[in-house]
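Listed below are the residues making up each chain.
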Amino acid sequence: MALTMPAVADGLNVTVVGIRNSKGNIVILIFDDARAFDNFDVWSAVDYVQIPSRKGNVRHEFENLTTGPYAVLLFHDENSDEDLNMTATKLLEGVGSTGAPNPQDEPDFNAASVWPGDVSVRIHYDQ
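Rules behind the numbers
Residues numbered from 1 in each chain as written. Predicted model: local features only at pLDDT ≥ 70, side-chain atom pairs only at ≥ 80, totals over all residues. Heavy atoms only, no water. Core = buried A, V, L, I, M, F, W, Y, C linked by side-chain atoms within 4.5 Å. Buried < 20%, exposed > 50% of the residue type's maximum accessible area, 1.4 Å probe, protein only. Helix = DSSP H or I, 4+ residues; strand = E, 2+ residues; numbered from the N terminus. Salt bridge = Lys/Arg side-chain N within 4 Å of Asp/Glu carboxyl O. Pairing = 2+ DSSP bridges. Axes fitted to C-alpha atoms, helices over the stretch in contact; angles between N-to-C directions.

Brief notes about the nonpolar core
Of all hydrophobic cores here, the largest spans 20 residues; its most connected members are Leu12, Val14, Val16, Ile28 and Ile30. Listing elements by their share of this core, those giving two or more residues are β1 (12-19), β2 (25-31), β3 (47-52), β4 (56-62), β5 (71-77) and β7 (117-122). No other element matches β1, which puts four residues into this core.

What to know about the pattern of salt bridges
Overall, the coordinates contain three salt bridges when judged by the stated rule. Among the ionic pairs, arginine 20 bridges to glutamate 78, the shortest N-O distance being 2.7 Å. One end of the pair, arginine 20, is in the loop between β1 and β2; the other, glutamate 78, is in the loop between β5 and β6 (95-97), and 58 residues separate them in sequence. Aspartate 118 is paired through a salt bridge with arginine 59; the nearest N and O atoms lie 3.4 Å apart. Pair noted here: aspartate 118 is in strand β7 and arginine 59 is in strand β4, with a separation of 59 residues, a long-range link. For aspartate 118, a relative accessible area of 62% gives the class exposed. One salt-bridge network, in which partners are shared between bridges, spans Arg59, Glu61 and Asp118.

Section: the sheet that holds β2
The pairing of strands in a sheet happens through backbone hydrogen bonds and is either parallel or antiparallel. Read from one edge of the open sheet, four strands run β3-β2-β5-β6, paired in antiparallel fashion. Two strands in the sheet have a free side with no partner beyond their single neighbour: β3 and β6. Strand-to-strand twist across the sheet, computed as the mean angle between neighbouring axes with direction ignored, equals 15°. Where β2 lies against β5, seven bridges are found, and the strand directions are antiparallel. Directly across from isoleucine 26, in β5, lies its bridge partner histidine 76.

Concerning the sheet that holds β7
Strand order in the open sheet made by the three strands is β4-β1-β7, with mixed pairing throughout. Single-partner strands in this sheet number two, and they are β4 and β7. Neighbour-to-neighbour, the strand axes of this sheet turn through a mean angle of 20°, independent of strand direction. Note: β1 against β7, six bridges, orientation parallel. Bridge pairing in β7 places leucine 12 opposite glycine 117.

Here you go:
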């Protein structure tokens, strides 16, 4: 599928959908580099935010991200340790990404790419 650039870029506005509780924070990472996104290189994210969790949905506006494309990766840091917690076999906290409508999806940068504007990302939990 070919991406088309929007006529007017108002920034990237991310809505996180499906948050299970109000514990901890939602960590949102924005990537503009395929290698960084595909390798989960959080230090190379072009922007980042932690916002208080709220059951249901939360929204954050990245007003300075106006060019794109971008890929969004996020997780629910329920215990506020700034780490995605997991066991050897499952995630203990929720994760989500653009291009990943289902829990088993692991899109590469091209599949996850979005242009500035309104973007919804569903968060998925193993438990």
